[in-house]
Amino acid sequence: MNDLKTAMRAKDDKSLRALRAIKAAIILAKTAEGAAGEIKEEDEIKLLQKLIKQRKDSLEIYKQQNRTDLAEKEQEEIEVIEKFLPKQLSADELKAALSKIIADTGASSPADMGKVMASATKQLAGKADGKTISVLVKDLLSK
């Protein structure tokens, strides 16, 4: 909430847009049926990742349509939302972690991808994008 107040006082439009979107999403999650007015930290991380994914999808569409003005706004919001997520793993760190998971699960071929993905998404939740994990797992298992 302090970030929202700071953004308002500074008239920081890009931060304000992103923070209001985060606040709205959290309120919706808390008031959803079965939520009991509380959400866990891991659910908050999933919520923030979902917001980023939505903006990345919009960003791609705007770029395809040469709408740089709208694409720029989406990129700004992505940058603000990412500040609230745990530090993302670098490509090398992610590859090392996935190699360890593959070794632990005993996976040896692309047919074992489901087993690896189940373990990887649990262990790397919030630290890497699911799409990136999937691409790397597929690459590592096909070698």
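Everything discussed here concerns the structure shown above.
Everything numeric here is computed off the predicted structure, so don't read it as measured data. (Residues numbered from 1 in each chain as written. Predicted model: local features only at pLDDT ≥ 70, side-chain atom pairs only at ≥ 80, totals over all residues. Heavy atoms only, no water.)

Okay, unusual backbone geometry next. One non-glycine residue, Lys11, lies in the positive phi region at around 55 degrees. With respect to the secondary-structure elements, Lys11 resides in the loop between helix 1 (2–10) and helix 2 (13–31). On the basis of relative accessible area, Lys11 is assigned to the exposed category, the value being 72%. Non-glycine residue Asn66 carries a positive phi angle of around 55 degrees. Following the sequence through the fold, Asn66 ends up in the loop between helix 3 (41–64) and helix 4 (68–82). Relative accessible area serves as the criterion here: at 63%, Asn66 is assigned to the exposed category. (Helix = DSSP H or I, 4+ residues; strand = E, 2+ residues; numbered from the N terminus. Buried < 20%, exposed > 50% of the residue type's maximum accessible area, 1.4 Å probe, protein only.)

A separate point is helix 2. Its 19 residues place the ends of helix 2 27 Å apart at the C-alpha level, agreeing with the 27 Å of an ideal helix rising 1.5 Å per residue. Those residues of helix 2 not exposed but buried are Ser15, Leu16, Ala18, Leu19, Ala21, Ile22 and Ala25. Those residues of helix 2 hidden inside the fold are in contact with helix 1, helix 3 and helix 4. (Expected span 1.5 Å × (residues − 1). Contact = heavy atoms within 4.5 Å.)

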